[in-house]
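Chains, contacts and geometry: an overview
Spelled out, the chains give:
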Amino acid sequence: MALSNSYSKLATHLINVFETREKELNDEKITVNDLVSKVAYFYEKFRTAMDYGTEETIPRRAIERMLKRMLFLEQKPKTLAEDLIRELIWAGYFPNATVPESLIDRVSTSISLYLHLKNSLSKRNTLKKEDINDFILEVLSCEIFSILVPNKEKEAVVNFTFQILRDSINIEDDTKQTKDIQVFLAIRKSFAKDDLPFLKYILFTQIFGRLTQENIDNVLNSFDKGYKEIKYQLSYPLKERILGNIKKRIPPFLILYDILTEEKGQIKALSLKEEAFKERVFEACDKKYRTIKRKVRTAVIRSFIFILFTKAIIALAIEGTFESIFLGQIQWSSIMLNIILPPTIMVAVGLSIRTPNEENSEIIYNDIQKLLYEENPVITNSLSLKLKANTSRTLKDYIFSILWILSICLTLGIIWLALDKLHFNILSKGIFIFFIAIISFLSYRIYQTADSYKVTRRQSLFTPLFEFFFVPIIRVGQQLTEGIVQINFILIAIDFIIEAPFKSLIGFFEQWFLFVASKREELE
């Protein structure tokens, strides 16, 4: 095996990032009351369990949710920044007494700049105010997250991954710049697990740079053009095909990142011993495989709670009211089936998950060897794409379109007939199919979580059957789920009717405890 001084240039630069220690801020840390924090922590667990989204994006989404609520009551950036950070510590996103007080000023500055940008854009009336408000709030939440949770090492691996994979994709009839942007976004989604708001933030900073007092006027002048480019890149026609190709090659980078993070400055010494290094890679793979079960279990629980609150509180209320008025009685059999089916499917999905084997680990190890020691490593077959398809549709295209529609109709028709045999009324059938589509999508997402470390994916005999019957309904479920997130009135009510007074009460008690503590100190 090659010695450490034969690392490739890219790998050498990457390893040096992990060997460089960041200077810690030595100023005072923000502290909160432990009792108050425990109460807020349990509430936050309950609240995020009802939210839709991946585990990795929870902190950013919490920042956005808290900001949205706070901005209704407070507009002073310094007060907003301090209250926001304290709430994040209450909720357990940061350990108590670990966040430097100096970060309040940095967060406050960012809030001030983005609010100024939002207000200035709103006055111009060139874009819808709702679009501006949503965009600015999402980007601001990402900016605050980056300030509070900087991760130079993760960013270095993302850039390393981009340098390795950028030439594996070619778009014949589009610019190299657009191709590079799409590859970079695909890496951010598959490696860094960034959600859509964070991708907006990445593009925003790539186009304008991080928002500062010096460049805010330039951002205002060119915002409309930049905003249009961001929307275009995020809706790029080939983005899903590029993402699907990149996803298959991400596992070696995930394992390499894990090893570099844990070994820090020991990686060069470890790599001198071939067997020891290989054993370390296999150990890292096994550890990640074990975490798959935990992630799947968490995903099942979160998906079940998401379905429970949207189904039990909204759908059952509509279904029960309809049956009481028009049928004279509630059909409990259909309601019970609607309640029992979601957890049954979720449990079945969880039990059917299979973790990768040693063959998968062997492939990852060989790919990591290439990443570390080859100057131009190739760990994937190149993919060539065309943006513009042939303008004239062939007979085959029409046949495929018809088959796609038929597969949707056939799947829904089978479910409809089965429900008819169970004596479901028309509304119950509609609600059942509505939630079956959502459950199918959430179940598929759980499978995606389990596949995040699989390099090879073998098709079974049932794969074509699955794709014919279930992929269409999964696509329908994806659209429905994302639509529910936008209009989930239950979560809106919780955030503004319950959470706002609850957090105010917590803040009051924390101030009371501080007051009592000061009185106790006067006795000493």
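Worth saying up front: this structure is predicted, and the values here are computed from it rather than measured.

1. Here's the deal with the packing of aromatic side chains
Within this structure, the stated rule accounts for 16 aromatic pairs. When the centroid spacing of 6.2 Å and the interplanar angle of 65 degrees are considered together, the rings of F18 and Y257 count as edge-to-face. A residue pair is termed long-range when its members are at least 10 positions apart, and F18 in helix α1 (residues 9-19) and Y257 in helix α12 (residues 251-263) qualify at 239 residues. By relative accessible area, which is 2% here, F18 ends up buried. You can call Y257 buried: its relative accessible area is 18%. Taken together through their ring pairs, the aromatic side chains of Y114, F135, F204, F208, F223 and Y227 make up a single cluster.

2. Things to note about unusual backbone geometry
The phi dihedral of A97 is positive, around 60 degrees, even though this residue is not glycine. Residue position: A97 is located in the loop between α4 (77-90) and α5 (102-124). At K193, a residue that is not glycine, the phi angle is positive and equals roughly 60 degrees. Within the fold, K193 resides in the loop between α8 (176-190) and α9 (196-208). When its relative accessible area of 26% is taken as the criterion, K193 is described as partly exposed.

3. So, a negative patch on the surface
Together, E274, E275, E279, E283, D286 and E358 make up a negatively charged patch on the protein surface. Examining the composition of the negative patch, we find that 5 residues originate from one element, helix α14 (residues 274-327), more than from any other. Note that E275 resides in helix α14. Judged by relative accessible area, which is 60%, E275 ranks as exposed.

4. Quick look at the packing of α12 against helix α16 (residues 358-373)
The relative placement of two packed helices comes down to the angle between their axes together with the axis-to-axis distance. Running from N to C, α12 and α16 cross one another at 75 degrees; their axes reach a closest spacing of 9 Å. Between α12 and α16, the interaxial angle falls into the category roughly perpendicular. Contacts between α12 and α16 pair P251, P252, F253, I255 and L256 from the former with I364, D367, I368, L371 and L372 from the latter. In terms of residue class, the contact of α12 with α16 is made up of 9 nonpolar, no polar and 1 charged.

5. Overview of α8
For an α-helix, the turn length of 3.6 residues means that residues three or four places apart are oriented alike. A rise of 1.5 Å per residue sets the reference length of α8, with its 15 residues, at 21 Å; its end C-alpha atoms lie 21 Å apart and thus fit the reference within 8%. Residues of α8 that are buried include every one of T178, K179, D180, I181, Q182, V183, F184, L185, A186, I187, R188 and S190, and no others. Among the structural elements, α7 (152-165), β1 (169-171), α9, α10 (216-234) and α11 (239-247) are those in contact with the buried residues of α8.

Analysis parameters
- Residues numbered from 1 in each chain as written.
- Predicted model: local features only at pLDDT ≥ 70, side-chain atom pairs only at ≥ 80, totals over all residues.
- Heavy atoms only, no water.
- Phe/Tyr/Trp six-rings, centres within 6.5 Å; stacked < 30°, edge-to-face > 60°.
- Helix = DSSP H or I, 4+ residues; strand = E, 2+ residues; numbered from the N terminus.
- Buried < 20%, exposed > 50% of the residue type's maximum accessible area, 1.4 Å probe, protein only.
- Patch = residues over 30% accessible without salt bridge, like charges linked within 9 Å, V, L, I, M, F, W, Y side chains within 5 Å.
- Areas by Shrake-Rupley, 256 points an atom, 1.4 Å probe, with all protein chains shown as cover.
- Salt bridge = Lys/Arg side-chain N within 4 Å of Asp/Glu carboxyl O.
- Lys, Arg positive; Asp, Glu negative; His and termini not counted.
- Charge placed at Lys NZ, Arg CZ, Asp CG, Glu CD.
- Axes fitted to C-alpha atoms, helices over the stretch in contact; angles between N-to-C directions.
- Parallel < 35°, antiparallel > 145°, perpendicular 65-115°, else oblique.
- Contact = heavy atoms within 4.5 Å.
- Nonpolar A, V, L, I, M, F, W, Y, C, P; charged D, E, K, R; others polar.
- Expected span 1.5 Å × (residues − 1).

Geometry only, nothing functional implied.
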